[in-house]
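Here's the letter readout for the chains.
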Amino acid sequence: MSLSALPLSPARVFAELLAPQLGGRGRENEPVPGLPSGRSTPVPPGREVHVSGSAELCAAPDRARVSIRLGSRKGVAGEARISVSRRLEYIAQSARQRGVQEENVTVTKDFNRVENAYQMEAEVCITFSDFGKMQNVCNLLIEKLGSSVIVSPPHFYHTAEAVDTLRRQVCLAAVGNTRRKAQEVCRLFGQSLGKPLLIREEEMKEWEGQIDSHPSNSSDMLTVQQRIQSATIYAASKVFAIFEIKGREKRKNKLI
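Residues numbered from 1 in each chain as written. Predicted model: local features only at pLDDT ≥ 70, side-chain atom pairs only at ≥ 80, totals over all residues. Heavy atoms only, no water.

Participant: Would you mind showing me how to read unusual backbone geometry here?
Facilitator: Residue E115 is not a glycine yet carries a positive backbone phi of 55°. Note that E115 resides in the loop between β4 (105–114) and β5 (117–128). Owing to a relative accessible area of 69%, E115 belongs among the exposed residues under this scheme. (Helix = DSSP H or I, 4+ residues; strand = E, 2+ residues; numbered from the N terminus. Buried < 20%, exposed > 50% of the residue type's maximum accessible area, 1.4 Å probe, protein only.)

Pasting the structure below:
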């Protein structure tokens, strides 16, 4: 799964250069900006830079599920079974030849007596991680089996691992942006950025993509790309951090 960075939403950045307290009185009980009112956290003596920043990332779906339905109604039970079994075997063979693993194929069958005939129905659900293979398999089945099968539009979704990866990546991106901004603030005043004293994720938001189509359009009329866009997940993370300020940057003497 590829995570593509979107344009970052404007991040609020501010800095406070806090000088050491004379005598060290009351230092451990001072409220830290960004913490809820009435709470405090111990901070070692020294100057600090307080920075908040954010990041946004998106992840396209990494799985697609396709359902293929077929059936047969015959006066003889054996004929109904054979008709469905032949098509099931062709579907399974077509999927195997295109690299679909057996564990990604699920087949359910239903056999009933309807009036004076026997009805056999089956459904094949195939899960794809390669959307190109998915389209090739679906196109082949529609071409070769025609109206004897019903191929549903693909349902795109994310695995739990893909969602967890997106959440980690966007949080790390927000932390990286926050640190870079803290460095820029320090350089502006000729200071050097030290170690982090506090890093806290203040907010995490997730939402699905929106397609640019008329609301009255049926979901069955969406293209594959529109379905992927609609299933894409976006995540935004906001981070607050406190860094230590070392002092003025040391400049290396150049030999003449």
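Participant: Any chance you could explain the packing of aromatic side chains here in plain terms?
Facilitator: The geometry of two aromatic rings is summed up by the distance between their centres and the angle between their planes. According to the stated counting rule, one finds 3 aromatic pairs in the structure shown. Relative to F156, the ring of F131 lies with its centre 4.9 Å away and its plane at 75°, an arrangement referred to as edge-to-face. Residue F131 is found in helix α2 (residues 131–145), and its partner F156 is found in strand β7 (residues 155–157); the two are separated by 25 residues along the sequence. Just as F131 is buried, F156 falls in that class too. Relative to Y234, the ring of W207 lies with its centre 5.9 Å away and its plane at 10°, an arrangement referred to as stacked. With W207 in strand β8 (residues 191–208) and Y234 in strand β9 (residues 233–248), this residue pair connects regions lying 27 residues apart in the sequence. According to the relative accessible area criterion, W207 is partly exposed, its value standing at 36%. A cation sits over an aromatic face here: R81 above F111, 4.0 Å from the ring centre. (Phe/Tyr/Trp six-rings, centres within 6.5 Å; stacked < 30°, edge-to-face > 60°. Lys NZ or Arg CZ within 6 Å of the ring centre and 35° of its normal.)

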